[in-house]
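# Fold and geometry: a report
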Amino acid sequence: MADKLVAGKHLRYILNLMAEKKKESFESVVMDHLRMNGAYWGLTTLALLDKLGSVSEDEVVSWVMTCQHESGGFAGNTGHDPHVLYTLSAVQILALFDKLNILDVEKVSNYIAGLQNEDGSFSGDIWGEVDTRFSYIAICCLSILKCLDKINVKKAVDYIVSCKNLDGGFGCSPGAESHAGQIFCCVGALAITGNLHRVDKDLLGWWLCERQDYESGGLNGRPEKLPDVCYSWWVLSSLIMIDRVHWIEKAKLVKFILDSQDMDNGGISDRPSYTVDIFHTYFGVAGLSLLEYPGVKTIDPAYALPVHVINRILFTK
Amino acid sequence: MKQGPSSEDDCFSLLKQFEHVLESDPLIDEVGFIHPSQFTMLDKEAGFSNEFQPNNGTSSKFWNQDHKLGISTDILVQLCKDAKHVFLLALQEYKSHGNACDESQIKNISCSPCIPESDVMKHSQSVLLLSSDFGTAWNARKLILSKKDHLSAFTEELRLSGLILSNSPKSESTWSHRRWIIKMISQSFSTLQEIITKESELVESIGERSKMNYRAWYHRCWLVSYMTIEQVIQELNKSKRWAGLHVADSSCFHYRRRLMLKILESLYVKGSSAYDKTEARKIWKEELDWNEELVERYVGREVLKV
């Protein structure tokens, strides 16, 4: 049982993971192809704990740039193929360090805009897989780069709305099962483009607050699944965006996240007493941020970046 | 003659052993990562005693019987690193020399063996068995396959991805690759219906071991758009028993919804008759009656109510 956030331990956990030179650990090797996502999770957690200064900005930024492909997109690691998943993380990392100015914005935004399909949907890369996650990524990324006008926003929004199900939720494509992760992506995209009025907030809010497990306080992603810390982000941020967060029991959720910490070595796992990883560490801290936990900086629920970073971008030319 | 420990022969020996095991048993249908302490137990179950095992070192790293392959967790990290490294080198080689191969084929000059291409296929297979979401490896295979025009290349790809799913049933990249293969097959060959039926059966068997697997069930829903109405009705009937035994599986019931909606959609197509409408109404009523039965039998199941 934990009663506080052991921020210092989490800081050490993240710095150790990022500093691993030999890449010997199992976590490091399996994460190798999505290192860009891992870096975003680690660095954003540091930023939320106000410890971004603990890493070498130059080292991180220059590594990020080695992952850019000639198409303008970014890969998960140096020498790998580009994909929108890693392109968003790369842009978000540069935003954290206030280094968006080093980007060739035209090149990156053309890469993303080029992946929009006739029906308004987005593919993840040249191989064509379509998913509403990629719609969110395109809209979020282009919004940060202030290039939303490069895509057909109306068609993009209409496509997302076509993925709305009878239960008020959203899936990865029209007719696909509602899933909290996909719901976050669709609601986030609609929020960024000013289209939240197309969400049935009461219906979706009900579906989302039903994700809370009465006993543990944790949230799951779909009916009958086990609670998982990462849904503290996807369900919670969605509820905040549609203004229904008061429908869940916040204190119980805080307790579930805190109980999922490794109090000795740092890091957060998917639920109490399981193995930690960087993914759940980020979502746990981000969830606590949304729950206004003291000592954690405020995160924007749509952009998934600290509010002070988003303000810096949106309110300067 | 004898080379030092830094020679290429000693490096990547693990990978060579792994690829040798794969080549010597092309019918492997299941892969898993196992703790070395379980090797003895597996030998016993397979009816072997230790004395008869060849002592070449391979038996402590790889277990291969009855077309099942176990990889020792002790060597996983090193093997994965080696496989990635060798694959990326092969890919680089292919991209810089691959053009030469293409030109030879266009001019009808035999380009044998097309070593860079077969290296990429061999090493990408190895790396994907260990790290199924390594997109760059899947992409390399797509690049090579998109230049092929024989069905066997694509059905072989379905076999490999099925093998990978036996260990990583939630691997999104693997499911996505299967959809790409099916799209390619549908564009060039006419054996689609049989493939759709097999795909659906594959998902059901994976769904048995990996409950409420979103990726697997999404794949099954995706197949519905390629199904004829007869197949849809068959699917509805075939999967009913499974659904009745898995009433907490929201993905399964979502799939039934998808099938039901497809039946409705078909009525809006020109040429649908009054008979079709009656049939559809009958199917819907049966489904709703059955649902009501289940709700009464399994009180409190969120999935059934939704």
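Basis of the calculations
Residues numbered from 1 in each chain as written. Chains lettered and ligands numbered in written order. Predicted model: local features only at pLDDT ≥ 70, side-chain atom pairs only at ≥ 80, totals over all residues. Heavy atoms only, no water. UniProt positions renumbered as here; feature names shortened; annotations may be inferred. Contact = heavy atoms within 4.5 Å. Buried area = accessible area lost by both parts, 1.4 Å probe. Salt bridge = Lys/Arg side-chain N within 4 Å of Asp/Glu carboxyl O. Polar contact = N/O pair within 3.5 Å; in protein donor to acceptor, adjacent residues only side chain to side chain. Nonpolar A, V, L, I, M, F, W, Y, C, P; charged D, E, K, R; others polar. 1 Å grid on protein atoms, 1.4 Å probe; cavity = no way out; pocket = protein on both sides within 12 Å on 5 of 7 lines; lining within 4 Å. Points joined across faces, edges and corners; volume = space filled by probe spheres on them. Helix = DSSP H or I, 4+ residues; strand = E, 2+ residues; numbered from the N terminus. Phe/Tyr/Trp six-rings, centres within 6.5 Å; stacked < 30°, edge-to-face > 60°. Buried < 20%, exposed > 50% of the residue type's maximum accessible area, 1.4 Å probe, protein only. Lys NZ or Arg CZ within 6 Å of the ring centre and 35° of its normal.

Per an unreviewed UniProt entry, chain B is named Protein prenylyltransferase superfamily protein, and its organism is Arabidopsis thaliana. Under the heading Sequence similarities (unreviewed entry), UniProt records this for chain B: "Belongs to the protein prenyltransferase subunit alpha family."

Per UniProt, chain A goes by Geranylgeranyl transferase type-2 subunit beta 2 and derives from Arabidopsis thaliana. In its Catalytic activity section, the UniProt record describing chain A reads: "geranylgeranyl diphosphate + L-cysteinyl-[protein] = S-geranylgeranyl-L-cysteinyl-[protein] + diphosphate". For the record of chain A, the UniProt heading Subunit holds the text "Heterotrimer composed of the alpha subunit RGTA, the beta subunit RGTB and REP; within this trimer, RGTA and RGTB form the catalytic component, while REP mediates peptide substrate binding."

Each partner contributes residues to the interface: chain A has 31 residues there, and chain B has 32 residues. Of the roughly 2900 Å² buried between chain A and chain B on both sides combined, carbon and sulfur atoms contribute 50%. Area buried by chain A at its contact with chain B is led by A:Trp127, A:Glu177 and A:Glu224, which between them contribute 25% of it. Close ionic contact of B:Lys84 with A:Asp32 constitutes a salt bridge, the shortest N to O distance being 3.5 Å. There are 18 residue pairs in polar contact (both at pLDDT 80 or more) connecting chain A and chain B. The residue makeup of the side of chain A that touches chain B, split by class, is seven nonpolar, nine polar and 15 charged.

Time to look at the layout of surface pockets. The calculated volume of the second largest pocket comes to roughly 1200 Å³. Lining the second largest pocket are 45 residues; nearest its centre among them are A:Asp32, A:Arg35, A:Trp63, A:Asn77 and A:His80. The set of elements that each furnish at least two residues to the lining of the second largest pocket consists of helix 1 (7–19), helix 2 (26–31), helix 3 (35–48) and helix 4 (57–66) of chain A together with helix 3 (76–106) and helix 5 (135–145) of chain B. Looking at which element gives the most residues to the lining of the second largest pocket, the answer is helix 3 of chain B, with eight residues. Of the residues assigned to the lining of the second largest pocket, the class counts are 21 nonpolar, 13 polar and 11 charged.

Now for the packing of aromatic side chains. A ring pair, where both rings are aromatic, is described by two values, the distance of the centres and the angle of the planes. For the coordinates displayed, the defined rule picks out 18 aromatic pairs over all chains. Taken together, a centroid distance of 5.7 Å and an interplanar angle of 50° make the contact between B:Trp217 and B:Trp242 tilted. Within this pair, whereas B:Trp217 is found in helix 9 (residues 214–224), its partner B:Trp242 is found in helix 11 (residues 240–245), the two being separated by 25 residues in sequence. Each member of the pair, B:Trp217 as well as B:Trp242, carries the same accessibility label: buried. Taken together, the ring pairs connect A:Tyr40, A:Trp41, A:Tyr136, A:Phe184, A:Tyr231, A:Trp233, A:Trp234, A:Phe279, A:Tyr282 and A:Phe283 into an aromatic cluster. The residue whose ring lies beneath A:Lys252 is A:Tyr214, and the NZ or CZ to ring-centre distance is 4.1 Å.

Okay, empty space enclosed by the protein next. Inspection of the entire model under this criterion finds two cavities of 30 Å³ or more. By volume, the largest cavity is sized at about 50 Å³. Taken together, A:Ala176, A:Glu177, B:Tyr214, B:Trp217, B:Tyr218, B:Cys221, B:Ser251 and B:His254 make up the full set of residues lining the largest cavity. Only helix 9 and helix 12 (250–267) of chain B provide two or more residues apiece to the lining of the largest cavity. The element best represented in the lining of the largest cavity is helix 9 of chain B, accounting for four residues. Along the lines of polarity and charge, the residues of the lining of the largest cavity split into five nonpolar, two polar and one charged. Each pocket or cavity is described by its volume, and for the second largest cavity that value is around 40 Å³. Lining the second largest cavity are B:Ile196, B:Thr197, B:Met227, B:Gln231, B:Gln234, B:Glu235 and B:Lys238. Counting residues per element, the ones that place at least two in the lining of the second largest cavity are helix 8 (192–209) and helix 10 (229–238) of chain B. Looking at the lining of the second largest cavity element by element, the count peaks at four residues for helix 10 of chain B.

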